[in-house]
Amino acid sequence: MVDSLTLTVNSRLARWLLFHYSRQQALEELQVWEKPAICSLDEWLRQAWLQSWSDQYILTDLQSRHLWQKIIREDPSINSVNLLHIQGAASHASEAYQLIRKYRLPEDPAGFRNYTKETQTFRKWMSRYQKQLHEWGALDPSELMDAVSKRMKQGHIPLPGEILFHGFDEITPQLRDWLDLLQSKNVKIGFMPFEPSTLIPDQLEDVLLQKQADVQKYEDANEEATQCARWIRSIYQEGKTIGIVVPQLESYRGLLEREFKAELAPASVYPWVETPLPFNISLGTPLSHEPMIHSALLLLSQRSKRIPLITFSTLITSPFLKCREEEIIFRRELDWGLRGKGMTHVYLPQALTTEDKMRGPFLEGLLESIIKWVDETNFDFPSQWAQKISNLLKELEWPAGSGTLSGHQVQALESWKSSLNDLASLDRVLNRINRHQAVSHLTHIVGETLFQPQTHEEPIQVIGLLESAGMEFDHLWIMGCHAETLPPVPRPNPFLPFLTHQKPYQLPHSTAERELAFTEQTLYRLSHSCKHMIFSYPAWQGESEMVPSPLISGLVTKPHAIHNENSSRLGDHPEFSVSLESLHDFNAVPVAQDEITTIRGGTKIIKHQAVCPFQAFAVHRLNSEHKEFPELDMDERARGSLVHNILELFWKKVQTSERLHELYESNSLDQQIRESVAQGLEISKIDIYGQQSFFDLEKERLANLMRDWMELERQRPEFNISKLETKATLNLKGLQLNLFVDRIDESRNGELTIIDYKTGTNQNLKKWFGERIEEPQLPLYSLTLPADALAFAVINKRKSTYLGLSQENVIIPGVDININKKCPDINHWDELKDYWKSRLDRTAEEFLEGILKVDPLNENDTCKLCDQKTLCRRTELLSRFEGEDE
């Protein structure tokens, strides 16, 4: 055992002290030096206990929490007690037990029974917890110090000659008993920076006044973080240390990381440059947020062979799972093809065709491994599940996939392995569990594990209020010091009696007085840990106005006393700026002769060219297409297609309006509608797995929709179906278009009406007119097929109607015979067709000539619905120069 030992309140302070010591030795130009005996108190106690060879073992915090959860879950009276969910209740119960040990609280059951149901229930749980510890020969982590004291008294643990306690803001009764034991054994005890004691009134205010501490007010947290980063750059000197203490570090973390990177390490914005950061942020992020870890959990958490399409897509394109370069293109094509089918789920055994398996043997192996995993139905110990998970991921070459790991990923992998070890440590607590339970426990462990990549200690430290204990800086900035943070709001433990335990023993977080006293003690300690001190707070937090903490309100200085306009971020730096030049590019890219035969799109080519030439170029010549993952088994497009199918099936059988009336009069119409709906749903092959009730409701909805529509059809003059779902071709100035017409009706007098089904609500005949015809579908049909009327059959629950134009002798409800009203310059049907042809010919010519300028017909509607915004970048320019949002 060493003669002199330094024990710190936490591990971060131990690393900080070692960093300072090493830097001091380096400044003295030493080549090698002996590492001083510095470690956290908890770490030293565990090492001392292990070296004492005791028969008992110490539970980990994870084992303790899961034991509490097990006890709570098995309590038959749990449903009658108003408690939080099991994990939350277990956390509070564990905290209550630790407080009892650390503060020497009375354990008399009567003191708990005479209070609330929660305290009574906890006392019962506590008895079961202690009984289980006794049966296992185990100790709760909070009992470690008392156990070490006992072994010291027995002479099983050697004592150091001197112990220096560093960074302790409070001495609990348990710690005081141990200190008394050490002193009785002639161990010298010291405290740094000073021994904790109760402050006298105004002591904190006096020291802050002597320190000439500044209190700065900023508009919001964003400005606060930005000004702090610029202040750091302005005062930083080699060999000097800067501390940024943030009471609500979790809320500020992302903002501080972004602003500090931009101002202190501007080159870090380049993703291909690994730029060392000059600062450390003590608070990590959940390990589950790491992409490689998320990928593993996503794979493991699949409950059946039928998985969501978005999950399937993520897994087969994941860079962390086995793949070979020759399969990458195939996997992307497979992913793209599945997105276009409107399906929401994939059934793994049927996901690949025979040809797919030949093109993607490694993908086939990946899917077979996942299928084998979801088929696991055994009940095994957590350690066995940890081994199975490790074997599965190794088989799938996770996490390297087809590449190599970065230093950051290697550390994330080590944290993952540690999480698997934690799962394996739960054998005694959980016993045998199934696959879903094992993955659930692992997911919870990984979600609670904060991942902080290990880096060299930097002179700029961003830390929480408690983590700052014992650290010393040349400059110190404490952020977010508004009244809602300093002091914090009390949150007493719900399982400990308040009047007999929490208030008289002044437990942490129990009362406002306790929180105030501890905060004052912490700020007093911080004031002695630096040469220069700044407080700041945001004036606004969202829509809430903030006021400074009452502990510093008397020190508020004039606004913007510390305000720096000099930005160091690359975007604001002079040498990064480039003189921009506006260039109007009118160069067309004509369609080549060999290209014209490959262009697909039908009437959409003309529509896209009309609404925006660049959109037509991107979609039909560059094949740029955006496919969202379907969120519903039946989205709007699928519902529209289904209505088309049902109407086609219905009219194939009915054929004439006369037959329609006969069915109505014989009360057979409803039966025919239901048969058509059932056949349409069958043809559509809708995935109804586990959704039979929804499927039944959808059948009823479609039947009602068809009934409403047939009521409108019965009001028309006599007609018969001439053609259904017919194909046609049209050549516009050399551009061959393939057309698909929903339906053509013929009246008793031989007039033909071309009908196009629409299930949306945004049809407008104004879009048939103008220099650029926005809705060219029916006008295009009229140029190749004989027609006396053109009509949209608008079929939806809101309003079903016909909408279109016709010659005077064609009468259809909702179809206008007054062409002149729509366009004053046109009086006759033939003139209207000539009007359309001239404009549609011009649009086709522009497409073939390669006119591709970004020229939306209607900036608001066209750009809002366009999925080529990333390519054309028009909305980016609008946002930058006109302040318009995308």
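Residues numbered from 1 in each chain as written. Predicted model: local features only at pLDDT ≥ 70, side-chain atom pairs only at ≥ 80, totals over all residues. Heavy atoms only, no water.

K.L.:
In this structure, what is going on with the nonpolar core? I would like to understand it.
P.N.:
Considering soluble globular proteins, one finds that nonpolar side chains tend to be buried as a cluster. Phe-122, Phe-312, Trp-398 and Trp-416 are the most contacted members of the largest nonpolar core, which has 78 residues in total. Aside from chain neighbours lying at most four places away, what touches Phe-312 is Ile-307, Leu-334, Leu-338, Val-346, Leu-348, Ala-351 and Leu-367. Ile-605, Leu-778, Ile-819 and Leu-848 belong to the second-largest nonpolar core, a separate cluster that totals 39 residues. (Core = buried A, V, L, I, M, F, W, Y, C linked by side-chain atoms within 4.5 Å. Buried < 20%, exposed > 50% of the residue type's maximum accessible area, 1.4 Å probe, protein only. Contact = heavy atoms within 4.5 Å.)

K.L.:
What should I look at first to understand the packing of aromatic side chains in this one?
P.N.:
Pairs of aromatic rings are described using the distance from one ring centre to the other and the angle between the two planes. One pass over the structure, following the stated rule, counts 25 aromatic pairs. Through successive ring pairs, a cluster of aromatic residues spans Trp-68, Tyr-97, Phe-122, Trp-125, Tyr-129 and Phe-495. Directly above the ring of Phe-362 sits Arg-324, whose terminal nitrogen or CZ lies 4.5 Å from the centroid. Stacked on the ring of Phe-719, the Lys or Arg Arg-716 has its end atom at 3.9 Å from the ring centre. (Phe/Tyr/Trp six-rings, centres within 6.5 Å; stacked < 30°, edge-to-face > 60°. Lys NZ or Arg CZ within 6 Å of the ring centre and 35° of its normal.)

K.L.:
When you look at the sheet that holds strand β1 (residues 4-8) in this model, what are you seeing that I'm missing?
P.N.:
Strand pairs in the sheet, formed through backbone hydrogen bonds, run parallel or antiparallel to each other. One open sheet accounts for four strands, arranged β2-β1-β5-β6; its pairing is parallel. Since the sheet does not close on itself, it has two edges, and those belong to β2 (38-40) and β6 (188-192), each with one partner. Here the average twist between neighbouring strands, direction ignored, is 25 degrees. Judged from the five bridges that link them, strand β5 (residues 162-166) and β6 form a sheet pairing that is parallel. Bridged to Ile-163 within β6 is Ile-189. (Pairing = 2+ DSSP bridges. Helix = DSSP H or I, 4+ residues; strand = E, 2+ residues; numbered from the N terminus. Axes fitted to C-alpha atoms, helices over the stretch in contact; angles between N-to-C directions.)

K.L.:
What exactly am I supposed to notice about helix α27 (residues 657-665) here?
P.N.:
Three or four residues apart is the spacing at which side chains of an α-helix point the same way, because the helix has 3.6 residues per turn. When we look at burial in α27, the residues that qualify are Ser-657, Leu-660 and Leu-663. Burial along α27 is one-sided: seen end-on, the buried residues are contained in an arc of 115 degrees. If you follow the buried residues of α27, they end up packed against α26 (636-654), α28 (669-684), α29 (692-714) and β19 (719-732). Asn-667 sits one or two positions beyond α27 and adopts a positive phi of about 60 degrees. (Arc of directions from axis to C-beta.)

K.L.:
Whenever I open this one, the pattern of salt bridges confuses me. Can you help?
P.N.:
If charged atoms from side chains of opposite charge come close, those side chains can pair. In the structure shown here, the tally under the stated rule is 47 salt bridges. Here Arg-230 makes a salt bridge to Glu-263, at a shortest N to O gap of 3.1 Å. Here Glu-263 lies in helix α11 (residues 249-264) and Arg-230 lies in helix α10 (residues 221-235), a separation of 33 residues in the sequence. Of the two residues, Arg-230 and Glu-263, both sit in the buried class. (Salt bridge = Lys/Arg side-chain N within 4 Å of Asp/Glu carboxyl O.)

K.L.:
Is there a simple way to think about the packing of helix α3 (residues 61-73) against helix α4 (residues 86-102) in this case?
P.N.:
The description of two helices packed together rests on the angle between their axes and the distance between the axes. Packing of α3 against α4 brings their axes to within 8 Å, and their N-to-C directions diverge by 115 degrees. In the crossing of α3 with α4, the sense of the turn from one axis to the other is right-handed. Between α3 and α4, the contacting residues are Ser-64, Arg-65, Trp-68, Gln-69, Ile-72 and Arg-73 on the first element and Ile-86, Gln-87, Ala-89, Ala-90, Ala-93, Ser-94 and Tyr-97 on the second. Class assignment for the residues of the contact of α3 with α4 results in seven nonpolar, four polar and two charged. (Left-handed = near helix turned anticlockwise from the far one by under 90°. Nonpolar A, V, L, I, M, F, W, Y, C, P; charged D, E, K, R; others polar.)

K.L.:
Looking at this model, I keep getting lost on the pairing of strand β23 (residues 801-806). Mind explaining?
P.N.:
Within a regular strand, side chains alternate between the sheet's two faces. Across six bridges, strand β22 (residues 789-794) lies against β23 in antiparallel orientation. By the bridge assignment for β23, Ala-791 is matched with Gly-804. Connecting β22 to the antiparallel partner β23 that follows it, the hairpin turn spans six residues. Two strands pair when backbone bridges link them, and β23 and strand β24 (residues 815-816) are joined in this way by two bridges, in the parallel orientation. Its bridge partner being in β24, Leu-805 is matched across the sheet by Asp-816.

K.L.:
How should the environment of Gln-609 be read in this particular structure?
P.N.:
Structurally, the position occupied by Gln-609 is in helix α24 (residues 603-611). In contact with Gln-609, not counting residues within four places along its chain, are Ala-616, Arg-772, Thr-843, Glu-846, Phe-847 and Ile-851. One polar contact links the side chain of Gln-609 to the main-chain carbonyl oxygen of Ile-851, over a distance of 3.2 Å. (Polar contact = N/O pair within 3.5 Å; in protein donor to acceptor, adjacent residues only side chain to side chain.)

K.L.:
Would you mind showing me how to read empty space enclosed by the protein here?
P.N.:
Taking a probe equal in size to a water molecule and rolling it over the atoms shows the remaining empty space. Tallying each qualifying case throughout the model produces one cavity of 30 Å³ or more. A volume near 80 Å³ is recorded for the largest cavity. In terms of lining, the largest cavity is formed by Cys-612, Phe-614, Gln-615, Val-854, Pro-856, Thr-862, Cys-863, Cys-866, Gln-868, Lys-869, Cys-872 and Arg-874. Contributions of two or more residues to the lining of the largest cavity are made by α25 (613-620), α33 (859-865) and α34 (869-872). The residue inventory of the lining of the largest cavity, partitioned by class, reads seven nonpolar, three polar and two charged. (1 Å grid on protein atoms, 1.4 Å probe; cavity = no way out; pocket = protein on both sides within 12 Å on 5 of 7 lines; lining within 4 Å. Points joined across faces, edges and corners; volume = space filled by probe spheres on them.)

K.L.:
Help me understand the sheet that holds strand β9 (residues 279-281) in this model?
P.N.:
Read across the open sheet, the six strands follow the order β7-β16-β15-β8-β14-β9; overall the sheet is parallel. This sheet does not close on itself; its edge strands, each paired only once, are β7 (214-218) and β9. Adjacent strand axes in the sheet meet at a mean angle of 15 degrees when their direction is disregarded. Two strands pair when backbone bridges link them, and β7 and strand β16 (residues 532-538) are joined in this way by five bridges, in the parallel orientation. Note that in β16 the partner of Tyr-218 across the bridge is Pro-538.

K.L.:
What exactly am I supposed to notice about the pairing of strand β15 (residues 475-478) here?
P.N.:
Side-chain alternation along β15 places His-475 and Trp-477 on one buried face and Leu-476 and Ile-478 on a second face that is also buried. Relative to β15, strand β8 (residues 242-245) runs parallel, the two being bridged by four bridges. Note on β15: the bridge partner recorded for Ile-244 is Trp-477. Where β15 meets β16, four bridges bridge the pair, whose relative direction is parallel. Its bridge partner being in β16, Leu-476 is matched across the sheet by Met-533.

K.L.:
When you look at the environment of Gln-154 in this model, what are you seeing that I'm missing?
P.N.:
Summarising the element assignment, Gln-154 is placed in the loop between α7 (144-153) and β5. Measuring from C-alpha to C-alpha, the distance between Gln-154 and Gln-452 comes to 40 Å, with 298 residues separating the pair along the chain.

K.L.:
Mind showing me how you'd approach the confidence of the model for the chain here?
P.N.:
Predicted coordinates in regions of low pLDDT should not be interpreted in detail. Per-residue pLDDT for the chain has a mean of 87; in total, 94% of the residues score no lower than 70. Within the model, pLDDT remains below 50 along residues 880-886, and this stretch shows seven contacts once partners closer than five positions in the same chain are excluded. (pLDDT = per-residue confidence, 0-100.)

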